[in-house]
Structure formats: C-alpha cells, structure tokens
Amino acid sequence: MIVFEFKVKAKPTQYAAIDEAIQTSQFVQNKCLRYWMDNEGASKYDLNKYCSVLAKEFSFASKLNSQARQASAERAWTAISRFYENCRKVETCHDRVKKSLSQRTHVCGNRGYVEDRDIAASLNILQKGLSTVGHTGTYAWGDLPSWAVGAILSSNGKSKNQESPLL
C-alpha cells in the first residue's frame, strides 16, 4: 500500500467538508459491512450496488460522489476478505496431535504448522476462552445451564479435572 501525506492549508469550511466526506465514507463502509452480515452470500458486487441504495436512502450519503461510495464498499469487502484470510491462518492449531511429554514442539502434519508446544497449547486455550466470552457456565465445575434445570442428565455433572487449590 502506498501512503501519501500532505499538509493542507484550508479554510474552516473546507476542513468541515473534508471531515464530513470522511465520516460519510466511514458510514457507507459500516453500512456495507452490516449489509453483508445481514444478507448471507452477499458478494462484492452486491456491496457496490448497495451504495446507490444508501445514496437514495440517506441524503448526506448522496453528497459523496459514487466513486467515493464504491471505494468505501470496496474497503469493506477488503476487510471481510482479510478477516477470513486471517481466520484460515489461525485454524492450524485445531488438529490434535498426540505427543509424549518430552516432545516440546508441536508439528501439524496437515498444515505444516510448527510451534513450541506451550505456545500452541496457549493459543488453543485462548481460542477456547474467547469463544465463550459472554456465555455463562462452561460445565467445567458441574454447572447446569438454565435449560437443564429440572432435566434428567445422563452424567452426574462432576468434572474429572479440577484445578489444584490455591496455596
């Protein structure tokens, strides 16, 4: 990516116009992201078409020219693509690889991922922790979810693994 920096001397009204254009561009980008999230299978082309809908629906968005609106939609699509590309890169630690305690390196045969065993384990723990953010009860200590209260469960709800007590 090439980045150009310029120093601009402008009037206050011109600065206000620049700020408004930037805010409108960010608005279009965020609306395109929301459109993509709400419409399964939406493509890059669909996001570009959605720009004209936004211009008709919001008068301030129509003040931004169509090329700038479409550039915002393209930035939204780039963000979506980059997100999925990063997700694909992270998915190397999900395969279980049996190893002895003396083996200190994790090597994923399917994807060629090589990492220190402790780091690979910490990444798995982090992912598990992040996947439960906002959820209550993980059954690790025998907690019951609200839907299971009064239900007959096949297990006794006790965990086989407990942390050692604090010293």
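Residues numbered from 1 in each chain as written. Predicted model: local features only at pLDDT ≥ 70, side-chain atom pairs only at ≥ 80, totals over all residues. Heavy atoms only, no water.

If charged atoms from side chains of opposite charge come close, those side chains can pair. If you walk through the whole model with that rule in mind, you get four salt bridges. Put simply, Arg34 and Asp38 hold a salt bridge, and the shortest N to O gap is 3.3 Å. Remark: Asp38 and Arg34 occur in helix H1 (residues 12–38); sequence separation between them is four residues, near one turn of the helix. For the salt bridge of Lys49 with Asp46, the shortest nitrogen-to-oxygen distance reads 3.9 Å. Of the two residues, Lys49 and Asp46 both sit in helix H2 (residues 44–57), three residues apart, roughly one turn of that helix. (Salt bridge = Lys/Arg side-chain N within 4 Å of Asp/Glu carboxyl O. Helix = DSSP H or I, 4+ residues; strand = E, 2+ residues; numbered from the N terminus.)

A word on a nonpolar patch on the surface. Among the surface-exposed residues, Ile2, Phe4, Phe6, Val8, Tyr15, Ile18 and Ile22 lie close enough to one another that they form a single nonpolar patch of about 800 Å² accessible area. By relative accessible area, which is 37% here, Tyr15 ends up partly exposed. (Patch = residues over 30% accessible without salt bridge, like charges linked within 9 Å, V, L, I, M, F, W, Y side chains within 5 Å. Areas by Shrake-Rupley, 256 points an atom, 1.4 Å probe, with all protein chains shown as cover. Buried < 20%, exposed > 50% of the residue type's maximum accessible area, 1.4 Å probe, protein only.)

All right, on to H1 then. End to end, H1 covers 39 Å across 27 residues, agreeing with the expected 39 Å (1.5 Å per residue, within 8%). Along H1, the residues classified as buried are Thr24, Ser25, Val28, Gln29 and Cys32. (Expected span 1.5 Å × (residues − 1).)

Looking now at the nonpolar core. If you look at the biggest cluster of nonpolar residues, it comprises nine residues: Val28, Cys32, Leu47, Tyr50, Cys51, Leu54, Ala73, Ala76 and Ile80. When contributions to this core are tallied by element, the ones reaching two or more residues are H1, H2 and helix H4 (66–90). Take this core: its biggest share by element is four residues, from H2. Leave out the neighbours within four places in its chain, and Ala76 touches Gln29, Cys32 and Leu33. (Core = buried A, V, L, I, M, F, W, Y, C linked by side-chain atoms within 4.5 Å. Contact = heavy atoms within 4.5 Å.)

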